[in-house]
Amino acid sequence: MKLVSLRLENFRAFEHCELELHSDGLIGVSGPNGAGKSTLLDAINYALFGLGRGSRKRRPERDGMPAGAKCEVKLEFILDDHSCVVVRGPKKARLTVDGEDWLRDGQEELTRRVTELLGVGQLNFGMTFYARQRELQALQEGGKRKLEQLETLLGIDRIRNARTLAHDAETTQEKVVRALATQVPSVADAEAKLRRAEEEAQRLAPSVESAREARDEAAALREKARTALTEARERAEEALALEGKAAVAASELAAATERESMTRESMMAAKAAATELQALEPAAAKAGELRAQDRALELEGQAAAQAAGLREQRHEAQLAAVAVGDALAATADPAPRLAGADGELTEARSELERVTSEMLELSSLQETLRAAAADAAAAVTNGRRALAVHEELARLAGLREAVENRALEIAALEAEAAQLVAHVTEESEHYEHVKRDGRNATCPRCKAPYGDRYETIVEEFEESLAGFSKRQREIADELERLRKARKGDAAKLERLASAEAERKALGEVTTDIAALDAAAAGAEEARGQHVKDSERLTKRRGDLTETIAALDRELSGLRQELATREQLAAHQREAERGLELFEKQLTELSPNGYDADAHEAVRRALARATSAETHCAELRPQVAQIELLETRLAREEQLSAAARTAHEDLAPAAAKRAADKAAPEEAETAYDVTVLAHAQADEALHDAEQQAIAESNAVAQARAELEAAQRLKGQLDTEREELSMRRVVKTVLDNYRTAVQQEAVPSLEQETAEFLRRTTRGRYSDVQISADGELQINDMGTPYELERFSGGEQDLANLCMRIALSKVLARRSGMDARFIILDEVFGSQDADRRRALLEALRELDQEFGQVLIVSHFDDFMEHCGLQITVKSDNGRSVAELATA
Ligand SMILES: Nc1ncnc2c1ncn2[C@@H]1O[C@H](COP(=O)(O)OP(=O)(O)OP(=O)(O)O)[C@@H](O)[C@H]1O
Ligand SMILES: [Mg+2]
């Protein structure tokens, strides 16, 4: 198989991409992390096998692609000289071979046809042609993970998994068989138990039959007694009914007789009332006339009583008028005193106003005087402070100049000291040279040797150095003195600055303290005088306030008095008016000669006539009923006669049937005896039946136990068979796994050794793969663990093993493995190791026609015939193609 071209439309991060891959040798794919490199390889996998198992379960559509846009991958490749084209998308599936349509639709069908065409499914494709990202990393990790990875690639893991499942199944089955074996009971014991139960049940059957016969007999006797009882009850009911009818006839007769006598009495009373009415009517006829007389006399009596009342009232009013006049005469008029107190009050109020306004004036004057006293006191304080500041400034005059001079002196001394150090260094070096070279020493200026002048020159040097040293000590002493003095300067300068600032803040202030003190004392004295005035006015105002309050109280008393007098005068006027009114009313009510005794006689006669009138009214309805009562009496006499006849018929018949009422009691006693006998017989039958049922249950249970024992035994036999089957499967899988390993591992070792020999140019040519999947390399005839070799050699060996695996697996599946994809196999190798690996990979083009190498490094690209650079542009992947 050889890749020819790849085209992506809206596949994952790619919007559009077209790559011509028709090239042999190395094809490099590079770009930064997340650029879209692995997506290109995923696209090849997707085109061939769709989103199946083993593929990344990520959706193919580009996130955010426009609605309605198509998503698909088109892959063109050559297989056994046939040109094949696969186009796949979520809504598309197409396969063309040599320009002929093999398939136009159906995702799963396309996968099936491609699998048939290539001879490998997606899983084997992944194991052979496509070394995924991070797969090699797993091989490099070693240990258990390496063995698992190797077994996955060789397909042994599936056998291992199946074998683990078979082992689990066997263990489970063993547990089942063990558990079942302890549960299965003895079939022979169950059979014997059943036989015993059946015999006992047969023995009990006759006694149940005789108990049932006795119970049926008792039931027949009970039925007979029940019938006799029913008949006796019917007879008793009939006797009772007859007795009831006789009693009803007797009570009806009594009622009819009573009604008849009552009606007769009513009629006699009505006749007596008619006689009385006749006698009373003339007296009742006078009542109207007497009533008119009584009303006239009543009015006359009322007028006489009213005149007597008025006379009484007039007398009382006369007494009240006299009392009011007396009260008015007893008190003096308060009006003149009221006018005097009012005048006094007005005067006191106007004086209070004057005093208050004077106090207000004084209080504002006092504020001014207080401020003047405070100003004078402040002027004294400021004057004293200004005097102190003047003195401090006088003391510190010339300080700044002294400080500056000191700083200049220090700087000059420090410069001289530095110069001296340079001189001493230069002279010392020179002296050292002269001492070292002796008489051969030369003058640094004229370069002539000192020769005989050597000793003199040395002495001069020593003298000069001693002089320098003395001067250095003097300078150091002087500097120390000056620096000590400088330490106090800062504080003094600060004091000077603060005194200057204070003087500025105080401004122009007089310092004549005596004059200031005199001014302050004057201001304080003036203020004291005003305080005294103010106290005097406050006292006067207090007195006035009290006087006003007393006058207010007096005025209020006088006003009260005046109001009382005015009220009395009003009462007097009112009494006079009332007396006039009484006189007028008495004149109007002239005397009428009313006679109270005559009125009393009329009243008594009227009472008698009214009573007769009332009684007549009561008697009239009674008299009116006489006719009706006569008719009713005749009818009731007839009814009484009929009731009497009925009673005379029924009473003897009821007396005759009285004996039948006691018959049910005897019949009931006889019935109770039969019920008891039946219950006893029934209980005996129930006991017999219970025993028989218990026996038949025992039979059923024994039979069920026997069946369960037989069933469990059958189940145990089946489970034992299953266990032996599972053991066979496990053994077969064990053998198969060993066989696959034995078959795969030697060819893998051979292929790995061959690649390693070629990539190391013969340095290593022999490898072994241990039972736990670890690779061992022979160096000079001795096998060593992989860890013994350098990191680069280890990576190379693992890569060789992965490539060898691809080849072995391709061979096993019958494929021509001339195509391989290696995604990020460089791992974390440095540039040197990458280069070495690349050289080794270039050697592979003999084995694999196309080698696709994917890496986020780009320094390997120059060694590739075809170079694909992938980058991400605003979240969209873009691939560019170049040829070397
Ligand atoms: N359906 C999608 N639509 C758009 N972008 C997607 C979709 N699926 C995955 N991606 C993005 O595509 C980008 C490329 O992923 P890919 O695995 O190809 O990167 P890479 O170049 O192999 O990176 P690395 O070097 O890290 O392996 C990722 O950033 C991923 O988030
Ligand atoms: Mg990747």
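Note that the structure is a prediction, hence the values are computed from the model and not measured.

Chemist: Run through the overall build of the protein chain, naming residues and quoting values.
Modeler: Helices and strands together make up the secondary structure of the protein chain, namely 17 helices and 15 strands. Radius of gyration (C-alpha) of the protein chain: 76 Å, far over the 29 Å computed for a compact globule of 884 residues. Projecting the C-alpha coordinates of the protein chain onto the three principal axes gives extents of approximately 200 × 155 × 65 Å. Summarising the internal contacts of the protein chain: among those between residues at least 6 apart in sequence, 76% fall at separations of at least 24. For the protein chain, the exposed surface amounts to about 52,500 Å²; the carbon and sulfur share of it is 52%. Each charge sign in the protein chain was given a centre, from 122 positive and 163 negative side chains, and these centres are 5 Å apart.

Chemist: So what's going on with the site of ligand 1? Residues and values would help.
Modeler: Around ligand 1, the surrounding shell holds 18 residues, and the nearest of these are Gly 34, Gly 36, Lys 37, Thr 39 and Gln 133. At 2.8 Å from an oxygen atom of ligand 1 is found a main-chain nitrogen or oxygen belonging to Gly 36. In the model, a nitrogen atom of ligand 1 is placed 2.9 Å from a nitrogen or oxygen of the Glu 61 main chain. Coverage of ligand 1 by the protein amounts to 75% of the 660 Å² it exposes when considered alone. Grouping the constituent residues of the shell around ligand 1 by class yields 3 nonpolar, 6 polar and 9 charged.

Chemist: Just give me the short version of the packing of aromatic side chains, but keep the residues and values in it.
Modeler: Remark: the centre distance and the inter-plane angle together describe each pair of aromatic rings, the angle taken between the planes. Applying the stated criterion to the full structure yields 5 aromatic pairs. On the basis of an interplanar angle of 35 degrees and a centroid distance of 5.4 Å, the ring pair of Phe 11 and Tyr 46 is categorised as tilted. Placement of the pair is Phe 11 in strand 1 (residues 2-11) and Tyr 46 in helix 1 (residues 37-49), with a sequence separation of 35 residues. Accessibility classification places Phe 11 together with Tyr 46 in one group, the buried group. Here the aromatic cluster, defined as three or more aromatic residues joined through ring pairs, consists of Tyr 764, Tyr 784 and Phe 789. Note that Arg 788 overlies the ring of Tyr 784, its terminal NZ or CZ placed 4.0 Å from the centroid. Over the ring of Phe 789 we find Arg 788; its NZ or CZ atom is 5.0 Å from the centre of that ring.

Chemist: Tell me what's going on with the nonpolar core, and back it up with residues and numbers.
Modeler: If you look at the biggest cluster of nonpolar residues, it comprises 49 residues, and the most contacted ones within it are Ile 777, Phe 826 and Ile 853. Of the residues forming this core, the biggest block, 10 residues, is contributed by helix 16 (residues 791-812). Residue contacts for Ile 777: discarding those within four places in its chain leaves Leu 756, Tyr 764, Asp 766, Val 767, Thr 782, Pro 783, Tyr 784, Leu 786, Phe 789 and Ala 797. Ranked by size, the runner-up nonpolar core spans 45 residues in total, among them Ala 35, Phe 129, Ile 821 and Ile 868.

Chemist: If you had to explain empty space enclosed by the protein to someone new, which residues and values would you point to?
Modeler: By the definition in use, this model includes 2 cavities of 30 Å³ or more. In this model, the largest cavity occupies a volume close to 40 Å³. Considering the residues around the largest cavity, the lining is formed by Leu 6, Leu 19, Leu 21, Val 29, Leu 40, Leu 41, Ile 44, Leu 852 and Ile 868. Per-class residue counts for the lining of the largest cavity are 9 nonpolar, no polar and no charged.

Chemist: With reference to specific residues and values, describe the domain arrangement of the protein chain.
Modeler: Each assigned domain of the protein chain is listed with its residue range as follows: domain 1 (2-142 + 792-883), domain 2 (287-317 + 594-624) and domain 3 (390-512). With centres defined by C-alpha atoms, the gap from domain 2 to domain 3 works out at 158 Å.

Chemist: Give me the lowdown on the packing of helix 7 (residues 187-285) against helix 14 (residues 626-656), citing residues and values where you can.
Modeler: Orientation of helix 7 relative to helix 14, taken along the N-to-C sense of each, is 160 degrees, at an axis distance of 8 Å. By the criterion of interaxial angle, the relationship of helix 7 to helix 14 is roughly antiparallel. Read as a crossing pair, helix 7 and helix 14 show a hand that is left-handed.

Chemist: A description of the side chain of Glu 636 should follow, citing residues and the corresponding values.
Modeler: Topologically, Glu 636 is positioned in helix 14. One buried charged side chain, Glu 636, makes no salt bridge at all; its nearest oppositely charged neighbour is Arg 259, positioned 4.3 Å away. A distance of 2.6 Å separates the side chain of Glu 636 from the side chain of Thr 263, its partner in a polar contact. Not counting residues within four places of it along the chain, the set of residues in contact with Glu 636 comprises Arg 259, Glu 260 and Thr 263.

Chemist: Report on the environment of Leu 362, specifying residues and quantitative values.
Modeler: With respect to the secondary-structure elements, Leu 362 resides in helix 9 (residues 335-396). Measuring from C-alpha to C-alpha, the distance between Leu 362 and His 530 comes to 7.1 Å, with 168 residues separating the pair along the chain. Non-local contacts of Leu 362, meaning those with residues more than four positions away in its chain, are made with His 530, Asp 533, Ser 534 and Leu 537.

Chemist: Quick rundown of the environment of Gln 690? Include the residues and the values.
Modeler: Tracing the backbone through its elements, the reader meets Gln 690 in helix 15 (residues 663-759). You can call Gln 690 partly exposed: its relative accessible area is 39%. Along the backbone, Gln 690 and Pro 449 are 241 residues apart, and their C-alpha atoms lie at a distance of 155 Å.

Chemist: Help me get a handle on the side chain of Thr 39, residues and values and all.
Modeler: Among the structural elements, Thr 39 can be located in helix 1. Judged by relative accessible area, Thr 39 falls into the buried class, the value being 10%.

Chemist: Mind laying out helix 10 (residues 399-437), listing which residues take part and the relevant values?
Modeler: With 39 residues, helix 10 ought to run about 57 Å at 1.5 Å a step, and its terminal C-alpha atoms sit 57 Å apart, in line with that. Within helix 10, burial applies to Leu 399, Val 403, Arg 406, Ile 410, Leu 413, Leu 420, Val 424, His 430, Tyr 431 and Val 434. Of the surrounding elements, those touching the buried residues of helix 10 are helix 9 and helix 11 (454-506).

Chemist: Which residues make up the sheet that holds strand 11 (residues 782-785), and what values go with them?
Modeler: The pairing of strands in a sheet comes from backbone hydrogen bonds and takes either a parallel or an antiparallel form. The strand order across the open sheet built from 3 strands is 9-10-11, with neighbouring strands paired in antiparallel fashion. In the strand order of this sheet, the two ends are held by strand 9 (767-769) and strand 11, each with one partner. Direction aside, the axes of adjacent strands within the sheet are offset by 30 degrees on average. Bridge count for strand 10 (residues 775-779) against strand 11 is 4 bridges, and the pairing is antiparallel. Residue pairing in the sheet places Gln 776 in a bridge with Glu 785 of strand 11.

Chemist: If you had to explain the pairing of strand 10 to someone new, which residues and values would you point to?
Modeler: With 5 of 5 residues buried, strand 10 lies mostly within the body of the structure. As judged from the 3 bridges shared by strand 9 and strand 10, these two strands associate in the antiparallel manner. The residue of strand 10 that forms the bridge with Val 767 is Ile 777. Taking the residues that link successive antiparallel strands as the turn, the strand 9-strand 10 hairpin has 5 residues, and the phi of Gly 773 there is positive, at about 80 degrees.

Chemist: Explain the pairing of strand 13 (residues 850-855) to me, using residue names and the numbers behind them.
Modeler: Counting buried positions along strand 13 yields 6 of 6 residues, so the element is predominantly enclosed. Of the two faces of strand 13, the one carrying Gln 850, Leu 852 and Val 854 and the one carrying Val 851, Ile 853 and Ser 855 are both buried. By the bridge criterion, 6 bridges tie strand 3 (residues 25-30) to strand 13 in an arrangement that is parallel. When the bridges of strand 13 are listed, Gly 28 appears paired with Ile 853. Pairing analysis gives 5 bridges linking strand 12 (residues 819-823) to strand 13, with the strands arranged parallel. The residue bridging Leu 822 from the neighbouring strand is Ile 853, located in strand 13.

Chemist: How would you explain helix 16 if you had to name every residue and give the values?
Modeler: Here helix 16 is 22 residues long and its end C-alpha atoms lie 31 Å apart, about the 32 Å a rise of 1.5 Å per residue gives. With 16 of its 22 residues buried, helix 16 lies for the most part within the structure.

Chemist: So what about a negative patch on the surface? Which residues, and what values?
Modeler: Taken together, Glu 459, Glu 460, Glu 462 and Glu 463 make up a surface patch of like negative charges. With respect to the element layout, Glu 462 can be found in helix 11. Given a relative accessible area of 38%, Glu 462 falls into the partly exposed group.

Chemist: Provide a residue-level description of the pattern of salt bridges, including the pertinent values.
Modeler: Throughout the structure, instances matching the rule amount to 60 salt bridges. Among the salt bridges present, the one from Arg 540 reaches Glu 351, with a minimum N-O distance of 2.8 Å. You can see Arg 540 sitting in helix 12 (residues 513-588) and its partner Glu 351 sitting in helix 9, a full 189 residues away along the chain. Residue class for Arg 540 comes out partly exposed when judged on its relative accessible area of 33%. Each of Asp 294, Glu 298, Glu 600, Arg 603 and Arg 604 takes part in a single network of salt bridges with overlapping partners.

Reading guide: rules and limits
- Residue positions are given per chain, counting from 1 as you read along its sequence in written order.
- Chains and ligands are labelled by the order in which they are written, letters from A for the one and numbers from 1 for the other.
- The model is predicted, so local features are restricted to residues of pLDDT at least 70 and side-chain atom pairs to those at 80 or more, both for listing and for counting; the totals for chains, interfaces and linings are taken over all residues.
- Hydrogens and water are ignored here; the side-chain numbers use all heavy atoms of the structure.
- Numbering of helices and strands starts at the N terminus; helices are DSSP runs of H or I of at least 4 residues and strands are runs of E of at least 2.
- C-alpha atoms define the radius of gyration, and 2.2 Å times the number of residues to the power 0.38 defines the globule rule.
- Residues are treated as being in contact if the distance between any of their heavy atoms lies within 4.5 Å.
- Accessible surface is estimated by sampling points in the Shrake-Rupley manner with a 1.4 Å probe; for residues, cover comes only from the protein chains shown.
- Residues scored as charged are limited to Lys and Arg (positive) and Asp and Glu (negative), so that His and the chain ends carry no count.
- To locate a charge, take atom NZ for lysine, CZ for arginine, CG for aspartate or CD for glutamate.
- If even one non-hydrogen atom of a residue comes within 4 Å of a molecule or strand, that residue is called near it.
- Throughout this description, a polar contact denotes any pair of N or O atoms lying within 3.5 Å of each other; where both atoms belong to protein, one of them has to be capable of donating a hydrogen while the other can accept it, and for residues adjacent in sequence the pair is counted only when both atoms sit in side chains.
- Residues are grouped as follows: Ala, Val, Leu, Ile, Met, Phe, Trp, Tyr, Cys and Pro are nonpolar; Asp, Glu, Lys and Arg are charged; all remaining types, including Gly, are polar.
- Paired rings are identified among Phe, Tyr and Trp, the last through its six-membered ring, by centres lying within 6.5 Å, and are further divided according to the angle between planes into stacked (under 30 degrees), edge-to-face (over 60) and tilted (the rest).
- Per-residue accessibility, obtained with a 1.4 Å probe over protein chains only, is compared with the maximum for each type, and a residue is labelled buried under 20%, exposed over 50%, and partly exposed between these values.
- Two conditions define a charge located above a ring, namely a distance within 6 Å from the ring centre to NZ of Lys or CZ of Arg, and an angle within 35 degrees of the ring normal.
- Among the buried residues, those of types Ala, Val, Leu, Ile, Met, Phe, Trp, Tyr and Cys that are joined through side-chain atoms within 4.5 Å form a nonpolar core.
- Cavities and pockets were defined on a 1 Å grid built from protein atoms only: a cavity is a group of points that admits a 1.4 Å probe but offers it no way out, a pocket is an open group of points flanked by protein on both sides within 12 Å along at least five of seven lines, and a lining residue is one with an atom within 4 Å of any such point.
- Grid points are joined across faces, edges and corners, and a volume is the space filled by probe spheres set on the points.
- Residue ranges assigned to each domain were obtained from an automatic or database domain assignment.
- The axes used here are C-alpha line fits, helices contributing only the stretch in contact, and every angle between their N-to-C directions lies in the interval 0 to 180 degrees.
- Note on angle classes: values under 35 degrees are labelled roughly parallel, values over 145 roughly antiparallel, values of 65 to 115 roughly perpendicular, and the remainder oblique.
- Handedness of a helix crossing follows the sense of rotation of the near helix relative to the far helix, less than a right angle counterclockwise being left-handed and clockwise being right-handed.
- Just to be clear on terms, a salt bridge is a Lys or Arg side-chain nitrogen sitting within 4 Å of an Asp or Glu carboxyl oxygen.
- One less than the number of residues in a helix, times 1.5 Å, gives the span that helix is expected to have.
- At least two DSSP bridges between two strands are needed for those strands to be called paired.
- The patches reported here contain residues having more than 30% relative accessible area and no salt bridge. Joining distances are 9 Å for like charges and 5 Å for nonpolar side chains (Val, Leu, Ile, Met, Phe, Trp, Tyr).

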